[in-house]
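# Residue-level structure breakdown
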Amino acid sequence: MEDPARLAALETLRAVRQRDAYANLVLPQMLRDRRITGRDAALATKLTYGSARAQGLLDAVIEACSDRPLSEVDGSALDALRLGTYQLLRTRIPSHAAVASTVDLVRAELGSGIAGFVNAVLRRVAEQDEAAWVDELAPDPDTDPVGNLAFTHAHPRWIAQAFAEALGSRGEPLKLALEADDARPAVHLVARPGEVSADELAAIVGGDVAPYSPYGVHLETGAGDPGDLEPVRERLANVQDEGSQLCALALTRASLEGTDDRWLDLCAGPGGKAALLAALVGLEGGELIAVEKAPHRAELVRKLTSGLPVTVEVTDGRETGFVEGAFDRVLVDAPCTGLGALRRRPEARWRRQPADVGQLTTLQRELLTEALRLVRPGGVVAYVVCSPHLSETVGVVADVARRTGAEQLDTRTLFPEVPDLGDGPHVQLWPHLHGTDAMFCAVLRRPV
Ligand SMILES: C[S@@+](CC[C@H](N)C(=O)[O-])C[C@H]1O[C@@H](n2cnc3c(N)ncnc32)[C@H](O)[C@@H]1O
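Residues numbered from 1 in each chain as written. Predicted model: local features only at pLDDT ≥ 70, side-chain atom pairs only at ≥ 80, totals over all residues. Heavy atoms only, no water.

Looking at an unreviewed UniProt entry, one finds the protein chain named Methyltransferase, with Lentzea guizhouensis as its source organism. According to the UniProt record, the Sequence similarities (unreviewed entry) comment for the protein chain is "Belongs to the class I-like SAM-binding methyltransferase superfamily. RsmB/NOP family." Word for word, the UniProt comment on the protein chain under Function (unreviewed entry) is "May act as RNA methyltransferase." (UniProt positions renumbered as here; feature names shortened; annotations may be inferred.)

Right under this line is the structure:
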């Protein structure tokens, strides 16, 4: 029986496993190439992203139902088992249909022997629902609350632990954070300042004005490809998480005495924040220099900021050659683990490793130190990462502030619309509290 949706899901999961592909790039292209639309496209999307997100939980259940360890299961069979188990545990697809459709795919691709094994495992999986499997397999909530919540909400333990440390909680706030991180996020747009207001943009695209960012609009989940929207094609708007908008705005909102017309974005690619900053500095007759190390990402910055007062420099932000003190405001939107945007990249949580953190914090410290050299005395630097991991956030900022003597501003005052910002002085946004990615922002002033 033809089953284009499940076949596309299976092939995407295989590309993710075999060649480290990104599901949210592979699948849309596959759907276009195969002209899969409507309900089939929706089903393929749900099954692919759902299976990729829940991988750790699914694997634990599959292993419990298998007569061999997962390391001995053929990779393609494992993809199919994940797809089948996801349907059984996390969708309303009837069990017999979930099992039969998966086994059919495996038989066609891998033969009857492996199909028999997949059939046997899925039948065992189908014996109980997700809650019962979690009860049976998750660590004890009394002795290991973080492990229990990590398992229940399908996150690697080290990531749940990092969230717990940033939240200062192993209880309800952690549960809510992991739950929100497991949900599919709404797409946010940013209206280009000086071109269109958030109200006008919301009316044009049929979205809602965002609660906090004066330029933000929220689209309904599953509203189609936002790149197809006319205001986006016409460069009146970009796709940008509301948290990113707020962090870029925080840099512009810090008070400044003296000149204020040369701004720098030290890590600009692909250009979302650069476009917002450039539109704002442009309204005052100023300019933005956008630095990006990777040439292909610098090209994206050029595209996204065309028509704005931006000069793009392809260079390492630690060795730009700019003279000391040349800028009034500097953004360091540093490369990071991305643990704050896991909900946007289905497989990312299983790909990231704890060892990534150490390498990144070294680079983050170097970039922030250089930003504080390039900003003029009295000027301001915003340090932003899309991660709540304390090593990448307060760890980097405290270390660099101590070594450079920079003053940390109460960044919460630069997010005046936003509630629940904690004790400061930095700002940590969260999906469960603010509906944004878990962005971190600290604004520092170079001493005069
Ligand atoms: C978090 S992203 C920036 C996102 C961007 N500000 C936006 O809003 O679209 C970090 C960027 O820094 C770039 N990068 C990494 N190392 C760098 C370095 N040493 N100097 C400058 N850019 C670097 C990466 O290629 C990546 O494009």
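We are not done yet, so read on.
### Digging into the environment of His434
By secondary structure assignment, the location of His434 is in helix α20 (residues 431-434). Exposure remark for His434: the relative accessible area of 4% places this residue in the buried category. When the C-alpha positions of His434 and Tyr212 are compared, they lie 8.8 Å apart, and in sequence the two are 222 residues distant. With residues near it in sequence (within four places) discarded, His434 still touches Tyr212, Val418, Pro419, Asp420, Leu421, Gln428 and Leu429. (Helix = DSSP H or I, 4+ residues; strand = E, 2+ residues; numbered from the N terminus. Buried < 20%, exposed > 50% of the residue type's maximum accessible area, 1.4 Å probe, protein only. Contact = heavy atoms within 4.5 Å.)

### Remarks on the packing of aromatic side chains
All told, the structure shown has three aromatic pairs when counted by the stated rule. Ring centres of Phe322 and Phe327 lie 5.3 Å apart, and the angle between their planes is 70 degrees; on these two criteria the pair is classed as edge-to-face. We note Arg68 situated over the ring of Phe117; from NZ or CZ to the ring centre the distance is 3.9 Å. The positively charged end of Arg351 is found above the aromatic ring belonging to Tyr22, 5.7 Å away from the centroid. (Phe/Tyr/Trp six-rings, centres within 6.5 Å; stacked < 30°, edge-to-face > 60°. Lys NZ or Arg CZ within 6 Å of the ring centre and 35° of its normal.)

### Observations concerning the domain arrangement of the protein chain
When cut into domains, the protein chain gives domain 1 (4-130), domain 2 (140-181), domain 3 (188-239) and domain 4 (242-445). Here domain 2 and domain 4 have C-alpha centroids that lie 27 Å from each other. If you look at the interface, domain 2 gives 16 residues, while domain 4 gives 15 residues. Summed over both partners, the interface of domain 2 with domain 4 buries about 1,400 Å², with 75% contributed by carbon and sulfur atoms. Where domain 2 touches domain 4, the interface holds zero salt bridges. (Domains from an automatic or database assignment. Buried area = accessible area lost by both parts, 1.4 Å probe. Salt bridge = Lys/Arg side-chain N within 4 Å of Asp/Glu carboxyl O.)

### Section: the packing of helix α4 (residues 55-65) against helix α8 (residues 130-137)
Following both chains from N to C, one finds α4 and α8 inclined at 75 degrees, their axes separated by 11 Å at the closest point. Considered as vectors, α4 and α8 are oriented roughly perpendicular to each other. Here Leu57, Ala60, Val61, Ala64 and Cys65 of α4 come into contact with α8, specifically with Glu130, Trp133, Val134 and Leu137. A class-by-class count of the residues in the contact of α4 with α8 yields eight nonpolar, no polar and one charged. (Axes fitted to C-alpha atoms, helices over the stretch in contact; angles between N-to-C directions. Parallel < 35°, antiparallel > 145°, perpendicular 65-115°, else oblique. Nonpolar A, V, L, I, M, F, W, Y, C, P; charged D, E, K, R; others polar.)

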